[in-house]
Amino acid sequence: MAIASPKKPKNKKNGTPPPARRGWRALFGGPSFFSNLITTVLIFLLLMSIYSLVEGLAKPAVDVPLSVVAADVAEGKIRSITVNGDSLGLVYTDESTKVSRKDPSAGLPETLATYGVTPEELSKVSITIRGQSGFQFWFLTLAPILLPLLFVAAFFWIISRQVRGAGMQAFSFGQSKARVIDPADSSQRVTFADIAGAREAKEELLEIVDFLKNPKKFLDIGARIPKGIILMGAPGTGKTLLARAVAGEAGVPFFSISGSEFVEMFVGVGASRVRDLFQLAKKAAPAIIFVDEIDAVGRVRGAGVGGGNDEREQTLNQILVEMDGFEPNEKVVVMAATNRPDVLDPALLRPGRFDRRVTIDLPDRRDREEILKIHARAKPLGPDVALAVIAERTPGFSGAELYSLMNEGAILAAREDRKELTQYDLIRSIEKVMLGPERKSHLLSKKEKELTSYHEAGHALVSSVLENADPVHKISIISRGRAAGYTLKLPFEDRKMQSKKQFLDDIAATLGGYVAEEMLFNDVTTGPSNDLVVITALARDMVSRYGMSDKLGPVAFGERAMGNEPYSERVAGEIDDEVSRIIEEARARATAVITKHRKALDAIAKELMEKETVERAEFEKILIAHGITPKAKEEEGIVIAPPRP
Ligand code: ADP
Ligand code: ZN
Ligand code: MG
């Protein structure tokens with residue numbers, strides 16, 4: 001039971017880094033370390049016993065004393081003797097073999113002579129003297145010392161590999177784990193042509209490309225090129241892509257590392273890794289260093305609950321030290337990306353550091369069409385595909401979401417064994433990306449179906465009647481993701497700002513579902529709980545962030561957290577009162593609309609129960625039949641944006 005409207009540009013709180021893994025668990029990668037350790041020790045013991053077993057087997061069983069050898073020689077029983085140092089290999093005439101030992105300092109003939117073997121008797125035996133080879137000698141002497149050492153080394157090697165596999169670098173302290181993209185690797189190369197929209201950002205970055213391509217020109221004239229550029233924008237707007245494109249355009253190596261990687265390391269490791277990274281990049285200069293998600297290390301220091309985070313601070317300090325230490329002729333440009341510019345430490349943004357800021361907005365309609373075109377390059381499109389219409393229906397989508405929309409479309413076509421994507425594939429993909437996959441298996445009972453229909457009809461009706469709410473494009477009671485049904489509303493145009501009136505009508509429309517349930521069934525279900533979360537957060541933001549409360553006035557109160565109390569208890573109470581008042585008034589307005597247009601509500605709900613999904617055209621017919629004028633409709637759904645200068 002969700003109202004699906006495109007995301008509001010404001011109030012984004014994404015990109016919080018994952019909680020730090022610290023202590024012994026971080027050190028050893030959790031309990032799996034111990035099972036690995038035990039496995040390794042067992043393998044070690046097994047190898048040891050196999051080794052001694054094989055060695056034992058290799059020893060021939062029969063070892064005879066020299067006196068017996070002498071007697072056997074005298075009797076002519078022995079055919080040949082191989083002398084190897086002090087050991088004797090005996091081959092008897094009956095093909096059996098035995099071994100013996102002699103005094104290493106004395107020769108074999110002398111030794112046998114002392115046992116009374118005559119030279120004639122000895123001459124019948126063929127004697128081969130085999131000196132111990134140098135290698136054999138050294139091997140035999142060193143093996144007892146070296147083998148255990150080798151085992152120990154192998155043990156550590158295996159462990160370190162496993163530990164690294166578990167996401168830890170316990171054995172590679174300090175080594176920069178940066179990923180490098182080599183300019184020669186054309187499969188990884190990204191250029192500006194792969195990025196649609198973001199015109200201002202590209203223009204700004206073109207200068208950096210120029211510098212990296214031809215640093216001499218700039219340095220000769222004494223120009224100082226910015227060392228640090230920070231890319232700011234919502235998740236999925238192409239920050240990482242842009243940074244890579246700068247390297248691709250300039251044909252320089254691209255060293256990238258993510259701020260969140262530093263969070264789970266030992267104290268000091270992050271700093272030394274930063275040092276290594278800068279060292280590497282300087283060697284490869286001209287080059288780009290890219291620090292993704294810099295907010296993970298670059299948050300305002302000393303804020304946060306429970307004091308600072310040493311590791312983060314040291315890492316951040318090291319980044320600043322490295323940047324400050326750049327020589328004027330250093331040809332390394334540091335780029336960073338964040339979706340939380342508001343939390344960055346001001347020290348990062350000082351001149352000489354990340355003093356260039358490039359903002360990337362969510363794409364507008366025209367950009368969205370261009371992005372779709374880029375991602376449609378390798379996909380055969382059917383004749384009915386109109387990417388402009390898809391772009392029009394996806395306000396608030398980021399580049400990454402448009403990419404997955406295109407991809408979902410291709411998956412749909414492939415699953416139905418078609419060679420081309422159709423417009424319908426893409427339209428279905430919009431909802432899939434927005435709301436998650438349809439859950440056809442989720443069967444509603446008759447009662448649930450009625451309830452859901454009235455709930456969604458409530459949203460749709462209030463949204464259509466209130467002046468500042470968005471027009472309804474589609475209503476459905478097919479569940480998707482976590483929602484039992486949904487009402488798809490889309491604004492007329494891309495919005496960068498929202499007004500108080502829009503917010504108020506939004507809240508009323510979102511309450512429409514709750515009010516319809518309450519009025520009709522005299523009861524409330526758990527269905528609208530998510531609606532309530534959404535409107536409460538929105539009302540709170542109106543009061544405490546956007547200054548939209550008449551009573552409290554244009555004050556941005558900031559967020560309240562432990563140890564950070566920007567306003568008093570009294571104001572906190574007043575904010576709560578204002579939030580309640582806004583929601584109560586919205587509820588009254590929703591109730592008024594539904595009471596007045598009760599017949600329309602019944603008609604919409606009935607249609608929903610029957611068809612499960614009602615598209616815009618059918619929905620507007622019902623509205624007109626009940627004397628409600630639908631919101632103005634764009635011609636054929638496409639409005640051509642005026643060309644930009
Ligand atoms: P961010 O780093 O801002 O979160 P990414 O650069 O990782 O976003 O973008 C994710 C993906 O979305 C890209 O790999 C690309 O496929 C797509 N994308 C994002 N913005 C654009 C754009 N302006 N043009 C083309 N593709 C884009
Ligand atoms: Zn709802
Ligand atoms: Mg990124």
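Predicted, not measured: the structure shown is a model, and the values here were computed from it.

## Digging into the overall build of the protein chain
Secondary structure summary: the protein chain contains 22 helices and 14 strands in total. Per-residue burial for the protein chain yields a buried fraction of 44% across its 645 residues. When contacts within the protein chain are restricted to residue pairs at least 6 apart in sequence, those whose partners lie at least 24 apart make up 74%. Surface summary for the protein chain: the accessible area is close to 33,400 Å², and the carbon and sulfur share equals 58%.

## A look at the packing of helix 17 (residues 446-465) against helix 20 (residues 569-596)
Here helix 17 crosses helix 20 at 95°, and the two axes come no closer than 10 Å. By the angle class used here, helix 17 and helix 20 are roughly perpendicular. Of the residues in helix 20, those touching helix 17 at G458, L461, V462 and V465 are A590, V593 and I594. Partitioning the contact of helix 17 with helix 20 into residue classes produces 6 nonpolar, 1 polar and no charged.

## Examining the pattern of salt bridges
Applying the stated criterion across every chain yields a total of 30 salt bridges. Of the charged contacts in the structure, one is a salt bridge between K373 and E370, with a shortest N-O distance of 3.6 Å. Of this pair, K373 and E370 both sit in helix 13 (residues 365-375), separated by 3 residues, roughly a single helical turn. Accessibility expressed as a relative area gives 40% for K373, which makes it partly exposed. With a relative accessible area of 35%, E370 lands in the partly exposed category.

## Things to note about the packing of aromatic side chains
Scanning all chains against the criterion turns up 5 aromatic pairs. Between F155 and F156 the ring centres are 5.3 Å apart and the planes differ by 80°, which places this aromatic pair in the edge-to-face class. Arranged with centres 6.1 Å apart and planes meeting at 80°, the rings of Y454 and F521 form a pair that is edge-to-face. Here the residue Y454 occupies a position in helix 17, and F521 occupies one in helix 18 (residues 500-521), the gap between them amounting to 67 residues. Summarising the burial analysis for this pair, Y454 and F521 share the class buried. We note K98 situated over the ring of Y92; from NZ or CZ to the ring centre the distance is 4.8 Å.

## Re the sheet that holds strand 7 (residues 228-233)
In a beta sheet, neighbouring strands pair by backbone hydrogen bonds and run either parallel or antiparallel. Spatially, 6 strands are ordered 6-8-9-10-7-11 in an open sheet, and the strand pairing comes out mixed. Looking at which strands have only one partner, the edges of the open sheet turn out to be strand 6 (179-181) and strand 11 (356-360). In this sheet, adjacent strand axes meet at a mean angle of 20° when their direction is disregarded. The sheet contact formed by strand 9 (residues 287-292) and strand 10 (residues 332-338) spans 5 bridges and is parallel. Paired with I289 across the two strands is V334, which belongs to strand 10. Seen against the sheet, helix 11 (residues 269-284) touches strand 8 (254-258), strand 9 and strand 10 and runs at an angle of roughly 165° to strand 8.

## Brief notes about the sheet that holds strand 2 (residues 78-84)
One open sheet holds the 4 strands; their spatial order is 4-3-2-5, and the pairing between them is mixed. Looking along the sheet, the strands with just one partner apiece sit at the ends: strand 4 (97-101) and strand 5 (126-130). Neighbour-to-neighbour, the strand axes of the sheet open up by a mean angle of 20°, direction not taken into account. Summarising the sheet, strand 3 (residues 87-92) and strand 4 pair through 5 bridges and their orientation is antiparallel. Note that in strand 4 the partner of G89 across the bridge is V99.

## Some words on the site of ligand 1
Looking at ligand 1, there are 15 residues lining it, with A196, G236, K239, T240 and L241 nearest. Measuring from an oxygen atom of ligand 1, one finds a side-chain N or O atom of K239 at 2.7 Å. T240 is positioned such that a nitrogen or oxygen atom in its side chain is 2.6 Å from an oxygen atom of ligand 1. Elements supplying a minimum of two residues to the shell around ligand 1: helix 9 (239-250), helix 13 and helix 15 (399-415). When the residues that make up the shell around ligand 1 are grouped by side-chain class, the tally is 7 nonpolar, 6 polar and 2 charged. Residue-level mapping places the shell around ligand 1 at the junction of two domains, with at least three residues from each of domain 3 (179-360) and domain 4 (365-435).

## Details of a negative patch on the surface
Where like charges cluster on the molecular surface, the negative patch consists of E200, E203, E204 and D361. Look at E203 and you get exposed, because its relative accessible area is 60%.

## Things to note about the packing of helix 7 (residues 199-213) against helix 9
For the pair helix 7 and helix 9, interaxial distance at closest approach is 9 Å and the crossing angle is 40°. In terms of their interaxial angle, helix 7 and helix 9 are classed as oblique. Here helix 7 and helix 9 pass one another in a crossing that is right-handed. Here helix 7 contributes A201, K202, L205, I208, V209, L212 and K213 to the contact with helix 9, which in turn contributes L242, V246, E249 and A250. Partitioning the contact of helix 7 with helix 9 into residue classes produces 8 nonpolar, no polar and 3 charged.

## Concerning helix 9
An ideal rise of 1.5 Å per residue puts 16 Å on 12 residues; helix 9 measures up with 17 Å between its terminal C-alpha atoms. Within helix 9 the residues assigned to the buried category are K239, L242, A243, A245, V246, A247, G248 and A250. The inward-facing, buried residues of helix 9 contact helix 7, strand 7, strand 8, strand 9, strand 10 and strand 11. G251 occupies a position one or two residues after helix 9 and carries a positive phi of about 70°.

## Points about the confidence of the model for the protein chain
When pLDDT is averaged along the protein chain, the result is 80; 81% of the residues meet or exceed 70. Mean pLDDT across the elements of the protein chain bottoms out in helix 1 (residues 23-28) (41) and peaks in helix 15 (94).

## Concerning the UniProt feature "binding site: Zn(2+)" (unreviewed entry) in the protein chain
In the numbering used here, UniProt assigns the feature "binding site: Zn(2+)" (unreviewed entry) to H455, H459 and D531. A compact arrangement is adopted by the annotated residues: their sequence extent is 77 residues, whereas the largest C-alpha distance between any two is 11.0 Å. You can see H455 is positioned in helix 17. Assessed through its relative accessible area of 0%, H455 is described here as buried. Its place among the elements puts D531 in helix 19 (residues 529-544).

## Looking at the pairing of strand 2
As paired elements, strand 2 and strand 3 share 6 bridges and run antiparallel to each other. Bridge pairing links S80 to V91 in strand 3. Remark: 2 residues form the turn of the hairpin made by strand 2 and strand 3, two consecutive strands paired antiparallel; G85 in that turn has positive phi of roughly 65°. Where strand 2 and strand 5 come together, 5 bridges link them in parallel fashion. Pairing of T82 across the sheet is with T128, part of strand 5.

Cut-offs applied
Residues numbered from 1 in each chain as written. Chains lettered and ligands numbered in written order. Predicted model: local features only at pLDDT ≥ 70, side-chain atom pairs only at ≥ 80, totals over all residues. Heavy atoms only, no water. Helix = DSSP H or I, 4+ residues; strand = E, 2+ residues; numbered from the N terminus. Buried < 20%, exposed > 50% of the residue type's maximum accessible area, 1.4 Å probe, protein only. Contact = heavy atoms within 4.5 Å. Areas by Shrake-Rupley, 256 points an atom, 1.4 Å probe, with all protein chains shown as cover. Axes fitted to C-alpha atoms, helices over the stretch in contact; angles between N-to-C directions. Parallel < 35°, antiparallel > 145°, perpendicular 65-115°, else oblique. Nonpolar A, V, L, I, M, F, W, Y, C, P; charged D, E, K, R; others polar. Salt bridge = Lys/Arg side-chain N within 4 Å of Asp/Glu carboxyl O. Phe/Tyr/Trp six-rings, centres within 6.5 Å; stacked < 30°, edge-to-face > 60°. Lys NZ or Arg CZ within 6 Å of the ring centre and 35° of its normal. Pairing = 2+ DSSP bridges. Near = heavy atom within 4 Å. Polar contact = N/O pair within 3.5 Å; in protein donor to acceptor, adjacent residues only side chain to side chain. Domains from an automatic or database assignment. Patch = residues over 30% accessible without salt bridge, like charges linked within 9 Å, V, L, I, M, F, W, Y side chains within 5 Å. Lys, Arg positive; Asp, Glu negative; His and termini not counted. Charge placed at Lys NZ, Arg CZ, Asp CG, Glu CD. Left-handed = near helix turned anticlockwise from the far one by under 90°. Expected span 1.5 Å × (residues − 1). pLDDT = per-residue confidence, 0-100. UniProt positions renumbered as here; feature names shortened; annotations may be inferred.

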